[in-house]
Amino acid sequence: MGDRVRLTAAQAMVRWLSVQMTEDGERFIDGVWAIFGHGNVAGLGQALHGIGDAMPTWRGQNEQTMAHAAIAFAKGHGRRRAQAITASIGPGATNMVTAAALAHVNRLPLLLIPGDVYASRRPDPVLQQVEDFGDGTVSANDCFRPVVRYFDRITRPEHLLTALPRALRVMTDPAECGPVCLAFCQDVQAEAYDWPEAFFAPRVWRIRRPAPDAGELDRAVAMIRAARAPVIVCGGGVIHSGAEQALADFAARHRIPVVETQAGKSALAQAHPMNLGAAGVDGSAAANRAAQATDLVIAVGTRLQDFTTGSRTLFDAPILAVNVQPYDAAKHGAVSLVADARVALEALSGALGDLRFSPDMQARADWLVAVEAHCATVPDGLPSDAQVIGAVHRAAPEGIAMCAAGTMPGALKLLWQASQGGYHMEYGYSCMGYEIAGAMGLALARPDRQVLCFVGDGSYMMANSELATAVMRRVPFTVILTDNRGYGCINRLQAHTGGAPFNNMYVDSRVEAQPQIDFVAHAASMGAHAVRAADVAALEAEVAAARDRAIPTVIVIETTARPGPGDGLEGAGHWWDVAVPATGETDRLKQAYARYLDHAARQSLIN
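Parameters and conventions
Residues numbered from 1 in each chain as written. Predicted model: local features only at pLDDT ≥ 70, side-chain atom pairs only at ≥ 80, totals over all residues. Heavy atoms only, no water. Helix = DSSP H or I, 4+ residues; strand = E, 2+ residues; numbered from the N terminus. Rg over C-alpha atoms; globule rule 2.2 N^0.38 Å. Contact = heavy atoms within 4.5 Å. Lys, Arg positive; Asp, Glu negative; His and termini not counted. Charge placed at Lys NZ, Arg CZ, Asp CG, Glu CD. Axes fitted to C-alpha atoms, helices over the stretch in contact; angles between N-to-C directions. Parallel < 35°, antiparallel > 145°, perpendicular 65-115°, else oblique. Nonpolar A, V, L, I, M, F, W, Y, C, P; charged D, E, K, R; others polar. Salt bridge = Lys/Arg side-chain N within 4 Å of Asp/Glu carboxyl O. Phe/Tyr/Trp six-rings, centres within 6.5 Å; stacked < 30°, edge-to-face > 60°. Buried < 20%, exposed > 50% of the residue type's maximum accessible area, 1.4 Å probe, protein only. Core = buried A, V, L, I, M, F, W, Y, C linked by side-chain atoms within 4.5 Å. Pairing = 2+ DSSP bridges. 1 Å grid on protein atoms, 1.4 Å probe; cavity = no way out; pocket = protein on both sides within 12 Å on 5 of 7 lines; lining within 4 Å. Points joined across faces, edges and corners; volume = space filled by probe spheres on them. Patch = residues over 30% accessible without salt bridge, like charges linked within 9 Å, V, L, I, M, F, W, Y side chains within 5 Å. Areas by Shrake-Rupley, 256 points an atom, 1.4 Å probe, with all protein chains shown as cover. Left-handed = near helix turned anticlockwise from the far one by under 90°.

Caption draft 1: Focus on the overall build of the protein. Scanning the protein from N- to C-terminus turns up 24 helices and 22 strands. Over its C-alpha trace the protein gives a radius of gyration of 25 Å, about what one expects of a compact globule, namely 25 Å for 607 residues. By its C-alpha atoms, the protein is 70 × 65 × 55 Å across when sized along the principal axes. By sequence separation, contacts in the protein at least 24 residues apart represent 76% of the contacts at least 6 residues apart. Mean positive and mean negative side-chain charge positions of the protein (52 and 61 charges, respectively) differ by 3 Å.

Right, here's the structure in full:
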């Protein structure tokens, strides 16, 4: 039987997690964010206290935003490290469901450990227990099932012997990577069991690099050789693979232009001569023209969502999809090359030899000149998002621009001239409220870079409390809070789809008094260094001054709610499929519906 050690199930969990290592000798699970309640305080709370620095515990302000911080940390580490979050049964657990969905869509590792009902059922129903009248096995944690890659309910201590290795296998699998939920019954957390000592031996988790199938590789090489003007679509999988240099070398050697998705932006520095910038709905003129003219799309590490493909109207050419996940590699009727991005690019380049194409890159040069001029214009009144981006970039060109929702993600993708690794966007789920917590998690992962958190007033109001956590933990980052007095992005979309201004800007909402929110005072009350920038020149100076502070800096600047990020830039953007009402009384709505039908008729329906 071997040596045994008697521990509670919670003590065994945290001890096991503390010795799961990366190839670089670090814990894969960096630590645990925790808000305790009756469902986890006596079990996991005691166990985490007992293990101390071997598995550190941090206190946050909200379960969802703690999980957002953990997600940003994992993304900042290229999925090579992760963090855990524990919450009590009930609302603490369900607060994490949104974050689980965010991690699921973005294919990022996240360990969720919510408390659960009593396995013994002795005190049923316990406080906060959800009761299903027709199924006695259901708990609130079943909400996690559709939005995690692996779900388990720990109803006996020895379940951990299989559940924990399965959880780490999923989080370290390059194809299946995503969030894991181990719903931990609160009575089981405190139960003792005689565990085999061998279970707690340190283990190194190596993330595989699957090589391409020989037949698929031959077919991919033949497709590229037969092409006249191929274009590479760079997705987030390039960054997850650590394939940035492989992509740079491949594009330069074979002279194939690269266009970027939100997740893939900054895998290739904007300064790389083959980088045409953003593609799709929020794309550059240079990138979208190349995408429309190409006769072969080489999609590397992208799930080809609607913004990238212009809702299936941007690409008319065949698609060669290089992806570690077969599900993604088969989208849009693509020819699949299922493999790790770095291994695949190196194999393709070796097989292609000295093959070089002759793209006309003048459009790239013209686009960069246009962007610089657009972002450098002097505002006539309140600045636009583009002018804000220009000021921040001039002050911190090597910083990491991060954001999640609103107009700013599209503006940043279009206009931010990223250095390698200088961009962090949560746009798979486009979750408002991710920004502040995400900036903290990213700053924990990348303390070597200035983190530049762009957030609108609407998103800031949704979730800002982890600013206090960052102050307490002395995690510095710079927040650029653009105040356009409402949900400016959706207001623009509402107008574009033929609607009247309604319930987005405060001025168009049913309120008895227009708000007078002092964002500077609010951020300062949580301990941040908070200032108001009167104009873009002041903003530029404040961003530069924030670089050396040991606490977060919040810079508030009022912006216009009207122009979009690409206004005045010829060729910027592309159609996005947002359903328009088929009937309506206004001429504006009828015109919007006619435009919608015109574009929808061009959509590819190949899946």
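Caption draft 2: Representation of the packing of helix H15 (residues 362-376) against helix H16 (residues 385-395) within the structure. Two elements in contact, H15 and H16, have axes whose closest approach is 7 Å; the angle formed by their N-to-C orientations is 100°. Accordingly, the angle class assigned to the pair H15 and H16 is roughly perpendicular. Residues His374, Cys375 and Ala376 of H15 form the contact with H16, whose own contacting residues are Ala386, Gln387, Gly390 and Arg394. The class makeup of the residues in the contact of H15 with H16 is three nonpolar, three polar and one charged.

Caption draft 3: How the structure looks around the pattern of salt bridges. Overall, the coordinates contain 22 salt bridges when judged by the stated rule. Across the salt bridge formed by Asp142 and Arg153, the nearest N and O atoms sit 3.1 Å from each other. Within this pair, whereas Asp142 is found in the loop between strand S6 (110-116) and strand S7 (150-154), its partner Arg153 is found in strand S7, the two being separated by 11 residues in sequence. With its nearest N and O atoms 2.9 Å apart, the salt bridge here joins Arg446 to Asp448. Through salt bridges with shared partners, a single ionic network connects Asp116, Asp142, Arg145 and Arg153.

Caption draft 4: Representation of the packing of aromatic side chains in the model. According to the stated counting rule, one finds 11 aromatic pairs in the structure shown. Taken together, a centroid distance of 4.9 Å and an interplanar angle of 75° make the contact between Tyr193 and Trp195 edge-to-face. Classification of Trp195 by relative accessible area gives buried; the value is 0%. Arranged with centres 6.5 Å apart and planes meeting at 15°, the rings of Tyr593 and Tyr596 form a pair that is stacked. Residue Tyr593 and its partner Tyr596 are both found in helix H24 (residues 587-600); the two are separated by three residues, about one turn of the helix.

Caption draft 5: Structural context of the nonpolar core. Residues Val392, Leu412, Trp416, Phe454, Leu539 and Val543 are the most contacted members of the largest nonpolar core, which totals 89 residues. Ranked by residue count, the leading element in this core is H16, at six residues. Not counting residues up to four positions away in its chain, the partners in contact with Leu539 are Val388, Ala391, Val392, Ile480, Ala533, Ile555 and Ile557. Listed in part, the 57 residues of the second largest apolar core include Leu112, Val475, Val479 and Phe519.

Caption draft 6: The sheet that holds strand S13 (residues 275-278), seen in detail. Pairing within the open sheet is parallel, and its six strands lie in the order S13-S12-S11-S14-S15-S16. Either end of the sheet is taken by a strand with one partner, and the two such strands are S13 and strand S16 (335-338). The mean inter-strand angle of the sheet, taken between neighbouring strand axes irrespective of direction, is 20°. Bridge count for strand S14 (residues 296-300) against strand S15 (residues 319-323) is four bridges, and the pairing is parallel. Looking across to S15, one finds that Val300 is bridged to Val322.

Caption draft 7: Just empty space enclosed by the protein, in detail. Using the criterion set out here, one finds one cavity of 30 Å³ or more in the structure. Quantified by volume, the largest cavity comes out at close to 30 Å³. Lining the largest cavity we find Met13, Val14, Leu17, Val32, Leu44, Leu48, Thr86 and Ile113. Those elements that provide at least two residues to the lining of the largest cavity are helix H1 (9-17) and helix H2 (41-51). A total of three residues in the lining of the largest cavity trace back to one element, the largest contributor, which is H1. Split into classes, the residues belonging to the lining of the largest cavity amount to seven nonpolar, one polar and no charged.

Caption draft 8: Quick look at the pairing of strand S17 (residues 400-403). Because side chains alternate across S17, one face comprises the buried residues Ile400 and Met402, and the other comprises Ala401 and Cys403, equally buried. As paired elements, S17 and strand S19 (residues 451-456) share three bridges and run parallel to each other. By the bridge assignment, Ile400 is partnered in S19 with Val451. Across three bridges, the pairing between S17 and strand S18 (residues 423-425) is parallel.

Caption draft 9: Spatial organisation of the environment of Pro397. Residue position: Pro397 is located in the loop between H16 and S17. The exposure class assigned to Pro397 is partly exposed, which follows from its relative accessible area of 34%. Taking C-alpha positions, Pro397 is 25 Å from Thr308, a pair spaced 89 residues apart along the chain.

Caption draft 10: A look at a nonpolar patch on the surface. On the surface, Met462, Tyr487 and Ile490 cluster together into a nonpolar patch covering about 280 Å² of accessible area. Take Ile490: it is sitting in helix H21 (residues 488-496).

Caption draft 11: Region of interest: the sheet that holds S6. Strand order in the open sheet formed by six strands is S4-S3-S5-S6-S8-S7, with parallel pairing between adjacent strands. In this open sheet, the two strands that pair with only one neighbour each are strand S4 (57-59) and S7. Each adjacent strand pair in this sheet contributes to an overall mean axis angle of 20°, direction not counted. With three bridges connecting them, strand S3 (residues 29-34) and S4 associate as parallel partners. From the neighbouring strand, Trp33 faces S4, where its bridge partner is Trp58. In the packing of H1 onto the sheet, the strands contacted are S3, S6 and strand S8 (179-185), and the crossing angle to S8 comes to about 155°. On the sheet, helix H5 (residues 97-106) packs against S6 and S8 and is oriented at approximately 150° with respect to S6.

Caption draft 12: Main features of the packing of helix H10 (residues 244-254) against helix H14 (residues 341-352). Running from N to C, H10 and H14 cross one another at 25°; their axes reach a closest spacing of 9 Å. Accordingly, the angle class assigned to the pair H10 and H14 is roughly parallel. Our pair here, H10 against H14, has a crossing hand that is left-handed. The residues of H14 that touch H10, namely those facing Ala246, Leu247, Phe250, Arg253 and His254, are Arg342, Leu345, Glu346, Leu348, Ser349, Gly350 and Leu352. Counted by class, the contact of H10 with H14 contains six nonpolar, three polar and three charged residues.

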